[in-house]
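Chains, contacts and geometry: an overview
Single-letter residue listing:
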Amino acid sequence: MDVVSLVLQDAYGRVQLRGLPCKDVRELAHVISASISNPSVTSGLSPPSNEPDEVQKEMESPSHCHGNVVTPLALSLVEKMSVNLLDHESPQDLRRYLQSLFRVLHEEFNFISSTLSLFGNRNRLVSHLAAKCLSSLLICELQSSNARGIVMQRMSEEAFQMHSSCYKLDAAIWSLTAVIKEVLKGNTGHKSEHIEMLLARTDSGITSWYSSLLQAEDRTRTAGDWETTLTTFMDLLEALTAARFRLGACVSSQRLLFLRAPALLQLLDARVDYYVKKHVLLLLKKTLLQRTGEDWLSGALVPTAHGDPYLVEDMAALTGSVLEAVDCDWLGHVPVRASPSFFGGSDQSRPEERADDVMLRAVSLVLLKSLEHQTQTAHSGSQTIHTLRHLKKLLLFLNQHCVQLRQSGHPCFCVSLVFADQDDDMVEAARALIILHTHQKSLGVLSATNSCEMGLNPHCHFVLLLRGLAFDHSVLLDFLISSETCFLEYVVRYLKLLRDDWEGFCNSCQLIEGQDAQRHGRGWRKDSSQTSAMHDISTVSEVRESHSGDGTSKASSGPRSCPRLVDYGSSEDSGEEEEVEVEEEMDVSASTPDKGLKAPAGSHSSEGDRQCVSLPDCKASLEPSKQVAFVKCTQTSLARKVALCLMELRTVVSRLQRKNLFPYNPASLIKLLTLIEEKVD
């Protein structure tokens, strides 16, 4: 191994252990610079007189200027040093040594320009390490109290003003993205100032890149290189938007995605690879959901609009551009492959063709969130017809690519089928649809019939959601406690609707059960005993066990129970006290019915040796106008399971509230759940 490599490795090992390198500052700076610079750059520089002859010969050797070992090692050493300089636990003598080293590198060896010359190097590893090295130096300078701005000035002049046709552009964009991400992930209290300082120098360059990269294909580069630059630039746009949502700071480059959205939307019809188009849709989806940066930012995303007076205006511009594109048949140009992508390959194990769910979810949420925003900001009913028209186009798009939705024959299945593998997206879609439904119904243009035709019936969405979870109330509890979804807002909205439209809920349950029977090749009759015998799988022993000391619900699990994240029933008081509470709420009969005996009123009898669940026979206590809805509800096992699931949820939430174990005050939620129970009781 040559002498230069030994010097660099020794320095790296010592710095990694937070120790001082054995070389003097000027000696080590000369070794690092000579390992990175071209021979022409360093030919005029004479090494220090006390440098050993063998080291000097090694540094002057051309084989080490862009060697496979020396250059990456030198770049990694500088990056490691910048990290240690930011670490407040590093010894003071090491920090002073590193500060002196960087000052010598910048002032005497023109280190920034030498490293920038490695951007776009044929050796991709060298190019990437050069970008990482300068990014770490820029982050160190931003967070240093006595920074002189040398790195910022040089990178702003040489890296962040590159033309889009420059082959070094990918590394420049990546380094800027890395700096923004690191500032957002850091623990410093001056993030806004650091982002503003950085974007003040790079704003014009980013604007120029947006115009040249997105609005016209670069003919001077190969298709693969242009697509790589596009995806790298998408990451930069996401980082800029995440900084805007997180910090509230806003400059012109952070508004590009909103104000010039048509350029992004047109990429779906451009001659680029499929993964680029998917990247564009995912970026639009994250932006509309205000979840940009969720993959690399830790903790719950708490968007803020403080200090950003243009956010509402810009969101309106973005959503308006999406709806205008849909009017111009944009959905017809969105590609959806027949099978999902697996790291660029395909799944050959499935005999049936299945559409790419990632694309379907992204397209659906982009359109639904755009409609939601436009509906909430509209000041008149002129948006109504457009909303229904756009929803019809979305359904046609989903029916074209989703075989399961076509086979279901019920448009409301779109939420449970398209979003089945992504809980947070499913809740967002259901929430957007219930907002659209409420708005359309308030304008008097939506009836119970055409709400299902448009896939806009929130009762169907909620029932199908619970059925997909096997009516497991503990999964709903997980959703309520989790900060990753907006499930609390959604369920509160729906429970208010259910409170006011109980008959619509019962009709939806009957409709779903009837279509299930038809799909399974059985003739569906409105006779309650046949419908119940076909669908009811709840047993009385399971219901008793669901409210026993262990607190777990076996009745809700059904044939495919969902795994529980937390055993919420393991609290101390979930014994006899809980069983008494449940028996006050529900009249449960544990006897197995004889074949020759008639089931009591309000009970649900089934064939074979199955036991039965009895809801209270309180029909007589209802007002005459509510008796029809009550009969419809108790005659369908689907509605029975939903009601039982909500009862169990109310019981568990109440118990956790009494023990002060719930993360927030669920009083309004419990009140709504209690009102729903009164509909049944």
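Residues numbered from 1 in each chain as written. Predicted model: local features only at pLDDT ≥ 70, side-chain atom pairs only at ≥ 80, totals over all residues. Heavy atoms only, no water.

Another point: the overall build of the protein. Scanning the protein from terminus to terminus reveals 32 helices and two strands. Counting every position in the protein, which comprises 681 residues, the buried fraction comes to 53%. Counting contacts in the protein only where the partners sit at least 6 residues apart, residues at least 24 apart contribute 73% of the total. Accessible area of the protein: about 30300 Å², with a carbon and sulfur share of 50%. (Helix = DSSP H or I, 4+ residues; strand = E, 2+ residues; numbered from the N terminus. Buried < 20%, exposed > 50% of the residue type's maximum accessible area, 1.4 Å probe, protein only. Contact = heavy atoms within 4.5 Å. Areas by Shrake-Rupley, 256 points an atom, 1.4 Å probe, with all protein chains shown as cover.)

A pair of packed helices is captured by two measures, namely the crossing angle of their axes and the spacing between those axes. Interhelical geometry of helix H24 (residues 473–481) versus helix H31 (residues 637–658) gives an angle of 50° and a closest axis separation of 9 Å. By the angle class used here, H24 and H31 are oblique. Between H24 and H31 lies a crossing of right-handed hand. Facing His 473, Leu 476, Leu 477 and Leu 480 of H24, the residues of H31 in contact are Cys 645, Glu 648, Leu 649, Val 652, Val 653 and Leu 656. (Axes fitted to C-alpha atoms, helices over the stretch in contact; angles between N-to-C directions. Parallel < 35°, antiparallel > 145°, perpendicular 65-115°, else oblique. Left-handed = near helix turned anticlockwise from the far one by under 90°.)

Before going further, it helps to spend a moment on the packing of aromatic side chains. In this structure the tally under the stated criterion is eight aromatic pairs. An aromatic cluster is present here, built from Phe 462, Phe 479, Phe 487, Tyr 490 and Tyr 494 joined pairwise through their rings. Here the basic side chain of Arg 244 rests over the ring of Phe 258, its NZ or CZ set 4.8 Å away from the ring centre. Over the face of the ring belonging to Tyr 310 we find Arg 255, whose NZ or CZ atom lies 4.2 Å from the ring centre. (Phe/Tyr/Trp six-rings, centres within 6.5 Å; stacked < 30°, edge-to-face > 60°. Lys NZ or Arg CZ within 6 Å of the ring centre and 35° of its normal.)

Time to look at the environment of Leu 388. Checked against the element boundaries, Leu 388 lands in helix H18 (residues 383–401). Spatially, the C-alpha atoms of Leu 388 and Leu 456 are 9.5 Å apart, while their sequence positions differ by 68 residues. Contacts of Leu 388, omitting those with residues within four sequence positions, involve Gln 440, Val 445, Leu 446 and Met 454.

A positive phi angle, near 60°, is found at Arg 18, a position not held by glycine. Given the relative accessible area of 34%, Arg 18 is considered partly exposed. The phi dihedral of Gln 290 is positive, around 55°, even though this residue is not glycine. Take Gln 290: it is sitting in the loop between helix H15 (274–289) and helix H16 (311–327). We classify Gln 290 as partly exposed; its relative accessible area is 25%.

With that settled, the discussion passes to the confidence of the model for the protein. Interpretation of this model should avoid reading the predicted coordinates in detail wherever pLDDT is low. On average, residues of the protein carry a pLDDT of 78, and 71% of them reach 70 or more. Averaged over each element, pLDDT in the protein is lowest for helix H3 (residues 39–42) (34) and highest for H15 (96). For the stretch residues 38–52, pLDDT sits under 50, and the model shows 21 contacts to residues farther than four places along the chain or on other chains. Here residues 522–632 scores under 50 on pLDDT; set against residues more than four positions off or in separate chains, the count is 172 contacts. (pLDDT = per-residue confidence, 0-100.)

Checked against the element boundaries, Val 151 lands in helix H9 (residues 150–158). Take Val 151: its relative accessible area is 2%, and that puts it in the buried class. For the pair formed by Val 151 and Ile 112, sequence separation is 39 residues and the distance between their alpha carbons is 6.9 Å. If sequence neighbours within four positions are ignored, Val 151 has contacts with His 106, Ile 112, Leu 134, Leu 137, Leu 138 and Glu 141.

A few words on helix H25 (residues 487–500). For H25, spanning 14 residues, the distance from its first C-alpha to its last is 20 Å, which sits close to the expected 20 Å at 1.5 Å a residue. On its buried side, H25 packs onto helix H21 (423–442), helix H23 (458–468), H24, helix H26 (502–519), H31 and helix H32 (667–680). (Expected span 1.5 Å × (residues − 1).)

Ile 32, Phe 119, Ile 180, Trp 209, Phe 233, Leu 264 and Phe 505 are the most contacted members of the largest nonpolar core, which totals 190 residues. If sequence neighbours within four positions are ignored, Ile 32 has contacts with Leu 8, Ala 74, Leu 77, Val 78, Leu 101, Leu 105 and Phe 111. (Core = buried A, V, L, I, M, F, W, Y, C linked by side-chain atoms within 4.5 Å.)

Right, let's talk about the pattern of salt bridges for a bit. One pass over the structure, following the stated rule, counts 28 salt bridges. Across the pair Lys 286 and Glu 238 runs a salt bridge, and its minimum N-O distance is 3.4 Å. With a gap of 48 residues between them, Lys 286 in helix H15 and Glu 238 in helix H12 (residues 223–247) connect regions that are remote in the sequence. Within this structure, Lys 285, Arg 291, Glu 294, Lys 369, Glu 372, Asp 424, Asp 425, Glu 428, Arg 431, Glu 489 and Arg 493 form a network of salt bridges that share partners. (Salt bridge = Lys/Arg side-chain N within 4 Å of Asp/Glu carboxyl O.)

Okay, helix H11 (residues 191–214) next. Given a rise of 1.5 Å per residue, 24 residues ought to cover 34 Å, yet the end C-alpha atoms of H11 are separated by just 29 Å, more than 12% below that figure. Of all the bends in H11, the greatest measures close to 55° and is centred on Thr 202. (Bend = angle between axes of the 7 residues up to and from the residue.)

Note that Val 4 resides in helix H1 (residues 3–16). The exposure class assigned to Val 4 is buried, which follows from its relative accessible area of 2%. Each C-alpha atom, one on Val 4 and one on Val 70, is 7.4 Å from the other, the two residues being 66 residues apart in sequence.

Here the focus is the side chain of Thr 375. Structurally, Thr 375 is set in helix H17 (residues 357–377). Under the relative-accessibility criterion, Thr 375 is labelled buried at 4%. Those residues in contact with Thr 375 that sit more than four places away from it in its chain are Thr 387, Leu 436 and His 439.

Moving on, we get to the packing of H24 against H25. Interaxial distance between H24 and H25 falls to 7 Å at its minimum, and their mutual angle equals 120°. On the basis of the axis angle, H24 is oblique to H25. For the pair formed by H24 and H25, the contact residues are Leu 476, Phe 479 and Leu 480 on the first element and Phe 487, Leu 488 and Val 491 on the second. Along the lines of polarity and charge, the residues of the contact of H24 with H25 split into six nonpolar, no polar and no charged. (Nonpolar A, V, L, I, M, F, W, Y, C, P; charged D, E, K, R; others polar.)

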